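Coordinate analysis (summary)
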Amino acid sequence: MKIINYKYTIKLAMIGLLFLWSCTKKEEVPELEDNKSTVIRDLAGDTGASVGEGADGKTQRDFRTFLFNFKDKKQIWLNNAEDSARYLKTADWDLAFTYIYNSIVYVNKGQDAENPGFEGPGLGEITYVDKPYNEVTEVSQDINFSTRQSFVGWDGWPQGYNFGWYFYQMTTHIARPVKNRTFILKTAAGKYAKLELINVYQGNPPVVTDLHWPAPYLTFRYYVQEDGSKNLNTN
């Protein structure tokens, strides 16, 4: 896999820390099913990796990247250089879950030199709207994919203009998902889609009380408009 500039900066900033979603006891897990979207619950990331020493059953090392295909929900692991050479420059994946806790998520964009799929056929793009998933019914005329990133992760970091799917506070070591943020994207094949990244903890719990809560287990949902139009209505 190509070396990406943010890798070591992210690692240094978050080393020794574990994610904790900040929830109140009054929060409830919203209903995710709408009979149109695909809901992925507890997709296991690299659960054998740890950012620090002493974690039971884990090894302190970099988290392995995995790729995900919207159409068949296929998960492809990049375990070595051979896997990267075989899969990255293909249209067989739409999302790449990378780095610590597999929380930095790329679209497959072959034209972006900082993207895992650089020089491949991927037509991926991504931007966002601060609107609940269910209320995003189309790709509006003012949507602009001409951003300087093809990934989402820690909101506002490493550059202030970076948009992401969670907030992270260095003082409290707490990460919280950005509420009511929906990502508008293009798949590897160039079809319009919407995506909500929801949680990294097993069971998508509304309340996390234990820093050692099993992770990464990713919960997210998406809808791909297969007819090529900009209609993203899932209601």
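1. Examining the pattern of salt bridges
Opposite charge on two side chains allows them to pair when their charged atoms are near. Tallied over the full model, the rule gives nine salt bridges. Between K109 and E125 there is a salt bridge, and its shortest N-O distance comes to 3.2 Å. Pair noted here: K109 is in the loop between β7 (104–107) and β8 (125–129) and E125 is in strand β8, with a separation of 16 residues, a long-range link. The burial state of K109 is the same as that of E125; both residues are buried. Between R221 and E196 there is a salt bridge whose closest N-O contact spans 2.7 Å. You can see R221 sitting in strand β14 (residues 217–224) and its partner E196 sitting in strand β13 (residues 192–199), a full 25 residues away along the chain. Accessibility assignment for this pair places R221 and E196 in one class, buried. One salt-bridge network, held together by shared partners, links D46, R61 and R64.

2. Here we look at the packing of aromatic side chains
Scanning the entire structure with this criterion turns up 14 aromatic pairs. Clustering of aromatic rings is evident, with ring pairs tying together F66, F68, F70, W77, F97, F220 and Y222. Sitting over the ring of Y128, R181 keeps its end group 4.3 Å from the ring centre. Directly above the aromatic system of Y133 lies the positively charged group of K194, at a separation of 4.2 Å from the ring centroid.

Rules of the game
Residues numbered from 1 in each chain as written. Predicted model: local features only at pLDDT ≥ 70, side-chain atom pairs only at ≥ 80, totals over all residues. Heavy atoms only, no water. Salt bridge = Lys/Arg side-chain N within 4 Å of Asp/Glu carboxyl O. Helix = DSSP H or I, 4+ residues; strand = E, 2+ residues; numbered from the N terminus. Buried < 20%, exposed > 50% of the residue type's maximum accessible area, 1.4 Å probe, protein only. Phe/Tyr/Trp six-rings, centres within 6.5 Å; stacked < 30°, edge-to-face > 60°. Lys NZ or Arg CZ within 6 Å of the ring centre and 35° of its normal.

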